[in-house]
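As a plain string of letters, each chain reads:
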Amino acid sequence: MIYFTPGPSQLYPTVKQHITQALEDGIPSLSHRNAAFHDIVKQTYDDLRMLLNIPSDYHIFFVSSGTEAMERIIENCVDERSIHFVNGAFSKRFYDTAKELRKRPEIIRVEPGQSFDFESLYSKTELSFPWTGESRRLQMHESATRSGMTEEAELICFTHNETSTGVAIDLDEVYKIKKQRPMNLIALDIVSSAPYVSVDYSKLDCVFFSVQKGFGLPAGLGIIIISPRAMEKAQKRKANGKAVGSYHSFPAMLEQAQKYQTVETPNVLAIYLLNKVLKDMLEKGIDTIRKETERKATLLYNFFDNHKTMKPFVTDKKNRSNTVIVINTPQGSKEIITQLKKNGSTVGAGYGDYKQTSIRIANFPAHSMGDINQLLSQFKVILASEAEMK
Ligand SMILES: *Cc1c(COP(=O)(O)O)cnc(C)c1O
């Protein structure tokens, strides 16, 4: 069976061999206070920095998941106000997290399948304030410091790749906002686009992902990458008596990370496996991984753009994700998913309200060109026999 589900997904081809090796080497029994573990952590940091081009003064922390990363970022960086760009279920989760932590988040929302109208963002976007019911326009054409967002917001949150709808936002637009609003911290969710997405970390403050998507690993490990400014903010808030959380507060994680340790007993096996897959990816080369991802995405989108009924959910080509491809299924998703399974391929159902009306196909580094070609020939056979039956 090949898993094209958008996470957990197909394991990276070398994972089985790395797990066998880990068991032979006693990795799951290794104490996290042992020097051998510190070496694994150090190599993982070094390899992450090299593969993803993370600046040396940025901090890297291990948490349990992408969802936990959202909570830690809000908890550590926000006194009151965060702003959330919401275009689907995962960006909405980030916003809900802020509400649940009793912050006063603002929301900039577009319909599922859309990206944001960054061009006219400042003149047209209505900011809504759910806790008072009021809404007003962003005033970004005024001086940056007088604008609505700037006075109040401390953190602006973006989801690069909205896994629920298959929309990827243009990071240049995010960098532009950072330039206009240098006083704000910027958070970016790259859970379902790492390591494919090329990120300029120097223009961002909190970036996070988990390993069960693009890294092709078992779930249970998240990574947060933090700028010195975000770290400073958490430390200041802590010094001022504000709640920053307990064992996974940024200051608590930093203290241990500097010694290549972790606060709690971590998922040592997961960190070990991440390190092994990072080395495999470094050997293959990130440019090759990116080019292959784009070639596979083009194959998938071309096939469905040319199909009569099963069209890509995201109509505007410039907003289409290269790592999570969402396809409309006017005939219902269930039968197609069942047929593909019989042929040895598992694709994801649509997310939430779109469960029946779409399917989602992951295009991660673990999926080879051959896998994608095979999936497409299965589609051809299934769709041809469906057409015959009509
Ligand atoms: C899967 C996903 C998450 C949640 O990550 P977990 O590791 O499952 O908690 C967050 N954001 C996006 C965009 C995702 O695809």
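Before reading on, note that the structure itself is shown above.
Residues numbered from 1 in each chain as written. Predicted model: local features only at pLDDT ≥ 70, side-chain atom pairs only at ≥ 80, totals over all residues. Heavy atoms only, no water.

Caption draft 1: Seen up close, the overall build of the protein chain. The helix and strand tally for the protein chain stands at 13 helices and 15 strands. Computed over the C-alpha atoms, the radius of gyration of the protein chain is 22 Å, within 12% of the 21 Å expected from 2.2 N^0.38 for a compact globule of 390 residues. Seen through its C-alpha atoms, the protein chain measures out along the principal axes to roughly 70 × 60 × 35 Å. Taking all 390 residues of the protein chain together, the buried fraction comes to 56%. In the protein chain, which carries 49 positive and 45 negative side-chain charges, the distance between the mean positions of the two groups comes to 2 Å. (Helix = DSSP H or I, 4+ residues; strand = E, 2+ residues; numbered from the N terminus. Rg over C-alpha atoms; globule rule 2.2 N^0.38 Å. Buried < 20%, exposed > 50% of the residue type's maximum accessible area, 1.4 Å probe, protein only. Lys, Arg positive; Asp, Glu negative; His and termini not counted. Charge placed at Lys NZ, Arg CZ, Asp CG, Glu CD.)

Caption draft 2: The arrangement of the side chain of K296 in detail. Relative to the helices and strands, K296 is located in helix 11 (residues 286–305). Although K296 is buried, it makes no salt bridge; E292 carries the closest opposite charge, 5.6 Å away. When neighbours within four sequence positions are excluded, K296 is seen to be in contact with N363, F364, P365, H367, S368, M369 and I372. (Salt bridge = Lys/Arg side-chain N within 4 Å of Asp/Glu carboxyl O. Contact = heavy atoms within 4.5 Å.)

Caption draft 3: Structural view of the pairing of strand 14 (residues 345–349). Among the five residues in strand 14, four count as buried, and that is most of the element. Taken together, the three bridges between strand 1 (residues 2–4) and strand 14 define a ladder with parallel strand orientation. Its bridge partner being in strand 14, Y3 is matched across the sheet by T346. Bridge count for strand 14 against strand 15 (residues 358–362) is two bridges, and the pairing is antiparallel. Bridged to G348 within strand 15 is R360. (Pairing = 2+ DSSP bridges.)

Caption draft 4: A look at the pairing of strand 7 (residues 155–159). Within strand 7, five of the five residues are buried, which leaves the element mostly enclosed by the surrounding structure. Going residue by residue along strand 7, you find L155, C157 and T159 tucked away on one face and I156 and F158 tucked away on the opposite face as well. Across five bridges, the pairing between strand 7 and strand 10 (residues 185–189) is parallel. Of the residues in strand 10, the one forming a bridge with I156 is I186.

Caption draft 5: View of the pattern of salt bridges. For the structure shown, the criterion picks out 21 salt bridges. E80 is the salt-bridge partner of R81, the closest N and O atoms lying 4.0 Å from each other. Of the residues examined, R81 reaches a relative accessible area of 12% and is grouped as buried. Under the relative-accessibility criterion, E80 is labelled partly exposed at 37%. A salt bridge links K284 to E292, with the nearest nitrogen and oxygen atoms 2.9 Å apart. Each of the salt bridges in this network shares a partner with another, and the network as a whole consists of E68, E71, R72 and E75.

Caption draft 6: Here's a closer look at the packing of helix 3 (residues 66–77) against helix 4 (residues 89–100). Viewed as axis vectors pointing N to C, helix 3 and helix 4 meet at an angle of 40 degrees, and their least axial separation amounts to 9 Å. Considering the angle they form, helix 3 stands oblique to helix 4. In this structure, helix 3 meets helix 4 at a crossing whose hand is right-handed. Here helix 3 contributes T67, M70, E71, I73 and I74 to the contact with helix 4, which in turn contributes F90, R93, F94, T97 and A98. Here the residues of the contact of helix 3 with helix 4 sort into six nonpolar, two polar and two charged. (Axes fitted to C-alpha atoms, helices over the stretch in contact; angles between N-to-C directions. Parallel < 35°, antiparallel > 145°, perpendicular 65-115°, else oblique. Left-handed = near helix turned anticlockwise from the far one by under 90°. Nonpolar A, V, L, I, M, F, W, Y, C, P; charged D, E, K, R; others polar.)

Caption draft 7: Quick peek at the state of the cysteines. Tallying each qualifying case throughout the model produces zero disulfides. Of the cysteine sulfurs around C77, a residue in no disulfide, the closest is that of C206, at 4.0 Å. With a relative accessible area of 0%, C77 lands in the buried category. Summary of cysteine pairing: C157 is not part of a disulfide, and the nearest cysteine sulfur, belonging to C206, is at 8.1 Å. Look at C157 and you get buried, because its relative accessible area is 2%. (Disulfide = S-S within 2.5 Å.)

Caption draft 8: Quick peek at the nonpolar core. The biggest cluster of nonpolar side chains holds 83 residues, and the ones touching the most others in it are F158, F215 and F250. At nine residues, the largest contribution of residues to this core is made by helix 10 (residues 268–284). When near neighbours in sequence (up to four residues on either side) are disregarded, F158 contacts F85, F118, I169, V174, I177, I186, A187, L188 and D189. (Core = buried A, V, L, I, M, F, W, Y, C linked by side-chain atoms within 4.5 Å.)

Caption draft 9: Quick peek at unusual backbone geometry. The peptide bond linking G7 to P8 adopts the cis configuration, its omega dihedral lying at -5 degrees. By secondary structure assignment, the location of P8 is in the loop between strand 1 and helix 1 (15–24). With a phi close to 55 degrees, Y260 is a non-glycine residue in the positive phi region. Its place among the elements puts Y260 in the loop between helix 9 (250–257) and helix 10. Given a relative accessible area of 28%, Y260 falls into the partly exposed group.

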